[in-house]
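As a plain string of letters, each chain reads:
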Amino acid sequence: MAVKYASILWNRQKRRYDLAMLALIVLFLAVFVGLQLVLHPNITPDSLIIRSTASLAFTMLHIILIIGPLSRLDVRFLPLLYNRRHLGVTMFLVSFVHGLFSMNLFHNFGDTNMLVSVFVSNPNYASISQYPFQTLGFLALLILFLMAATSHDFWLKNLSPRIWKALHMLVYVAYGLIVMHVVLGVLQQETSPVLAGAVGAGLLLVVGTHLAAAITENRREEVHSATAENFVKVCKVEDIAEDCAKVVIIRSENIAIFKYDGKISAINNVCKHQNGPLGEGKIIDGCVTCPWHGYQYEPHNGSSPPPFTEKVTTYSTKVEDGYVYVNPEPFPEGTAVEPAIIPVQNV
Amino acid sequence: MQTKDEFYVGYQPKAPKKYGRFLTWFVVLTALVLLSLASVLVWEQSDYANGTFELGKLSEVEGVLRVRPVPMLKVPLGKDINGNTLYQTVLLIDFGKKGAEEAIQKMEAEHGDLMGKVVRLEGTLIYHDGKSLLELTKSEGAFISAKRDPNMRLNQFKELGFQRLQGEIADPKCYFGVMKPGEGKPHRSCAARCISGGIPPVLKTINGGTVEYYLVLGANGQAINQEVLPVVGEQIQLEGQVEEQDEWKILKVDQPLKIERISGSLLPNAPMCTPQLGWKE
């Protein structure tokens, strides 16, 4: 979190993240280019750039897509999620080099504007095997550009988190387009089953990790029925670790119930920044801290500490006979609610 | 259960130890995966043709210019053991994705009729599989000199008769060296741009491992580039009269143009020919 917008707020972790990322990129390119020159010395520099950047960007996109579900499956992946936008912007730049060289090589210096040529040079839109696959890559690159250009929190704030998140979910559309770009393009010429298998394995990896995360998520969440008082019994007080939360979904309300300083407070589980799971965060310095990007909220009123302005809905809680209850009827965002006091024998 | 110290917050300078250890191993594992993946991706690729495009190197080439139906230069290479002059016929194309007609017309506008004259041109050589092309890198500026030489003349076309041929239409500039791969689906759009820009289409056929190339023209020797655009890069069948000039064969496709698509690229694309040898005046 930062009050002012700066290009990047560097710290040791970010520098290490970027260094590791760049080292892995260099390793991939060095092996790919080196082996190409040894095994296929007739390759032209243009083709070498196009194929190496395509392979690298596609691989990076897989890593970007599985970081989210991996972080839900194991919190030790969270540092990868925290700086994922660095990986995303870098992947776009690599894709852009691929797109630029491809456009220049295949569509420039001709009798038609190259942007038009992408869409008209192969008119077989009705055929699957002959489909103009470059159009798919072009559209994917546009999506990746939009995402990279709006990756900064400045745009998150100005577009609103809802629109920003929706825009960035287009990464899945881009991934689908790129898979088809590869299948209907280079795999029509490079017919090795190993290459087709690699694309299939990548797809399975992305789908598999997302499914695994979704299944784990569903197991975690408990649905309760409300009592006449509208309070719902959630769990025993001791079931919630100190400074941590229990997450429940009641009547579509995603609620994180925190235990701290002998008190119980409940706020909405969805962070205003990027929909991170606040209930998987912790209370640090008196504030609920989102595990994804460290956004903070005061547990009793769901408001970010000044000068920040993010707010989430809050809920009434009570403790009776050693059990925690919550009223799933939400108060408006940022409404202060008196925390439930845990009797001394339950603390 | 996590302790407070183990909770990860990205804007803090250091990650808790358990994260650091885990991520170190993850980075090492990722490095091994990337190393293997890059190797497999390269290992499993098909090899590239050994065509040459002498990018950045301009060569001067002198020979007898044929302006129509396709600009070519018949270049003397030396003499055989019997003292006969050996020639190489070089296909001329312009810079970028463009045929050489316009550049030759501009040369003729300035230097007069060049058909059959010995012309010296400067350009970038492209060669592969016994075929040579010269890119007029400076377009009409490629012209150096022209003269008449009664000892150097253009050959007559040798008529090879009606043939039905199966193969892929490619653009000769990319196929013979500028791009690798210069054929097939990934290259299709580029080939379409080149052919649309006036570079004569070439039908590549394979017969039992022997590759043949046919410049594709209309029945009267006119360009039919726009007509063949929809099937560039696909396996097709064409038929018509075949003529030969030195090492270049020309397929004059029957009109109205009849193109048959061949489903799948694994079908043998053997030329089925009915040769009727003879000389055309």
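Residues numbered from 1 in each chain as written. Chains lettered and ligands numbered in written order. Predicted model: local features only at pLDDT ≥ 70, side-chain atom pairs only at ≥ 80, totals over all residues. Heavy atoms only, no water.

Colleague: I keep staring at the overall build of chain A and nothing clicks. Help me out?
Modeller: Helices and strands together make up the secondary structure of chain A, namely 11 helices and 10 strands. For the C-alpha atoms alone, the extent of chain A along its principal axes is close to 80 × 40 × 35 Å. Across the 347 residues that make up chain A, the buried fraction comes to 53%. Side chains of chain A carry 25 positive and 25 negative charges; the gap between the two charge centres is 4 Å. (Helix = DSSP H or I, 4+ residues; strand = E, 2+ residues; numbered from the N terminus. Buried < 20%, exposed > 50% of the residue type's maximum accessible area, 1.4 Å probe, protein only. Lys, Arg positive; Asp, Glu negative; His and termini not counted. Charge placed at Lys NZ, Arg CZ, Asp CG, Glu CD.)

Colleague: How should I be thinking about the interface of chain A and chain B in this particular structure?
Modeller: You'll often see interface size given as the accessible area lost when the parts meet. Counting residues at the interface gives 73 residues for chain A and 59 residues for chain B. Viewed at the interface, chain B and chain A are joined by one salt bridge. A salt bridge links Asp111 of chain A to Arg193 of chain B; the shortest N-O distance between them is 3.1 Å. At the boundary of chain A with chain B, the tally comes to 25 residue pairs in polar contact (both at pLDDT 80 or more). Among the elements that line the side of chain A that touches chain B, the one with the most residues is helix α1 (residues 12-39) of chain A, at 11 residues. Of the residues in the side of chain A that touches chain B, the class split is 33 nonpolar, 30 polar and 10 charged. (Contact = heavy atoms within 4.5 Å. Salt bridge = Lys/Arg side-chain N within 4 Å of Asp/Glu carboxyl O. Polar contact = N/O pair within 3.5 Å; in protein donor to acceptor, adjacent residues only side chain to side chain. Nonpolar A, V, L, I, M, F, W, Y, C, P; charged D, E, K, R; others polar.)

Colleague: Help me understand a positive patch on the surface, please; the structure alone is not making it clear to me.
Modeller: Side chains of Arg12 and Arg16 of chain A together with Lys14, Lys17 and Arg21 of chain B sit close together on the surface and give a patch of like positive charge. Elements represented by at least two residues in the positive patch include exactly α1 of chain A together with α1 (17-43) of chain B. Take Lys14 of chain B: it is sitting in the segment before α1. (Patch = residues over 30% accessible without salt bridge, like charges linked within 9 Å, V, L, I, M, F, W, Y side chains within 5 Å. Areas by Shrake-Rupley, 256 points an atom, 1.4 Å probe, with all protein chains shown as cover.)

Colleague: I'm lost on the environment of Asn230 of chain A in this one. Help?
Modeller: Residue and element names in this part refer to chain A. Its location among the elements puts Asn230 in the loop between α11 (193-220) and β1 (232-236). On the basis of relative accessibility, which here comes to 21%, the residue Asn230 falls in the partly exposed class. When the C-alpha positions of Asn230 and Val326 are compared, they lie 8.3 Å apart, and in sequence the two are 96 residues distant. With residues up to four places along the chain from it excluded, the contact list for Asn230 reads Arg251, Val326, Asn327, Pro328 and Glu329. There is a polar contact of 2.7 Å between the side chain of Asn230 and the side chain of Arg251.

Colleague: Just to check I follow, could you spell out a nonpolar patch on the surface for this structure?
Modeller: All names here are of chain A. A contiguous nonpolar patch, built from Val116, Phe119, Val120, Tyr125, Leu139 and Leu142 and spanning about 480 Å² of accessible area, is present on the exposed surface. At the level of secondary structure, the elements contributing two or more residues to the nonpolar patch comprise α5 (114-120) and α6 (133-149). For Leu142, the position within the fold is in helix α6. Residue class for Leu142 comes out partly exposed when judged on its relative accessible area of 44%.

Colleague: What am I meant to see in the sheet that holds strand β6 (residues 287-289) of chain A here?
Modeller: Residues and elements named next belong to chain A. Pairing within the open sheet is antiparallel, and its three strands lie in the order β5-β6-β7. Edge strands, defined here as strands with exactly one partner in the open sheet, are β5 (282-284) and β7 (296-297). Bridge count between β5 and β6: three bridges; the pairing is antiparallel. Residue Ile283 lies in a different strand from β6, and its bridge partner there is Val288. (Pairing = 2+ DSSP bridges.)

Colleague: Would you mind showing me how to read the pairing of strand β8 (residues 158-170) of chain B here?
Modeller: Residue and element names in this part refer to chain B. Across 10 bridges, β8 lies against strand β11 (residues 235-245) in antiparallel orientation. Bridge pairing in β11 links Gln163 to Gly240. Note: β8 against strand β9 (residues 202-207), three bridges, orientation antiparallel. Within β9, the residue paired with Ile169 across the bridge is Leu203.

Colleague: What is the right way to read the pattern of salt bridges from this model?
Modeller: Where charged atoms of side chains with opposite charge meet at close range, the side chains can pair. Residue and element names in this part refer to chain B. Under the criterion given, the structure shown has 22 salt bridges over all chains. Measuring nitrogen to oxygen at the nearest pair gives 2.5 Å for the salt bridge that ties Arg261 to Glu234. With Arg261 in strand β13 (residues 260-261) and Glu234 in the loop between α5 (225-228) and β11, this residue pair connects regions lying 27 residues apart in the sequence. With relative accessibility at 5%, the residue Glu234 sits in the buried group. Salt bridges linked by common partners bring Lys98, Glu102, Lys106 and Glu140 together as one network.

Colleague: It is not clear to me how the packing of α1 of chain A against helix α4 (residues 84-107) of chain A should be interpreted in this structure. Could you clarify?
Modeller: The description of two packed helices rests on the angle between their axes and on the distance between the axes. All names here are of chain A. One way to put it is that α1 packs onto α4 with a least axis distance of 10 Å and a crossing angle of 35°. In this structure, α1 crosses over α4, and the sense of that crossing is right-handed. Taken together, the residues of α4 that come into contact with α1 (itself represented by Lys14, Tyr17, Asp18, Met21 and Ile25) are Arg84, His86, Leu87 and Thr90. Partitioning the contact of α1 with α4 into residue classes produces four nonpolar, two polar and three charged. (Axes fitted to C-alpha atoms, helices over the stretch in contact; angles between N-to-C directions. Left-handed = near helix turned anticlockwise from the far one by under 90°.)

Colleague: Got a minute to help me understand the confidence of the model for chain B in this structure?
Modeller: Caution applies to low-pLDDT parts of the model: their predicted coordinates are not meant to be read in detail. Residues and elements named next belong to chain B. Overall, the prediction assigns chain B a mean pLDDT of 87, with 91% of residues at 70 or greater. Of all secondary-structure elements in chain B, the lowest mean pLDDT belongs to strand β15 (residues 278-279), at 30, while strand β6 (residues 131-136) reaches the highest, 97. The model gives residues 264-281 a pLDDT under 50, and that stretch makes 47 contacts with residues more than four places away or in other chains. (pLDDT = per-residue confidence, 0-100.)

Colleague: In this structure, what is going on with the side chain of Thr59 of chain A? I would like to understand it.
Modeller: Tracing the backbone through its elements, the reader meets Thr59 of chain A in helix α2 (residues 45-73). Leave out the neighbours within four places in its chain, and Thr59 of chain A touches Phe28 of chain A together with Leu34 and Leu37 of chain B.

Colleague: Explanation requested: the domain arrangement of chain A in the structure shown.
Modeller: All names here are of chain A. With domains assigned, chain A is organised as domain 1 (12-219) and domain 2 (232-346). Using C-alpha coordinates to define each centre, domain 1 is positioned 38 Å away from domain 2. Counting from both sides, the interface comprises 12 residues of domain 1 and, opposite them, 13 residues of domain 2. Carbon and sulfur atoms make up 47% of the surface buried where domain 1 meets domain 2, a total of about 1100 Å² over both sides. It is Arg72, Tyr82 and Lys165 that lose the most area in domain 1 upon contact with domain 2, and together they represent 38% of the buried surface on that side. Between the two partners, domain 1 and domain 2, sit one salt bridge. Note that Arg72 and Glu280 form a salt bridge whose closest N and O atoms lie 2.7 Å from each other. (Domains from an automatic or database assignment. Buried area = accessible area lost by both parts, 1.4 Å probe.)

Colleague: Sorry, what's going on with unusual backbone geometry here?
Modeller: A negative phi angle is the norm for most residues apart from glycine, just as the trans form is the norm for most peptide bonds. With omega at 0°, the peptide bond leading from Arg68 of chain B into Pro69 of chain B counts as cis. As for its placement among the helices and strands, Pro69 of chain B is situated in the loop between β2 (59-66) and β3 (72-79). In this structure, Phe109 of chain A is a non-glycine residue whose phi angle is positive, near 65°. On the secondary structure map, Phe109 of chain A appears in the loop between α4 and α5. The phi dihedral of Asp285 of chain A falls on the positive side, at around 50°, and the residue is not glycine.

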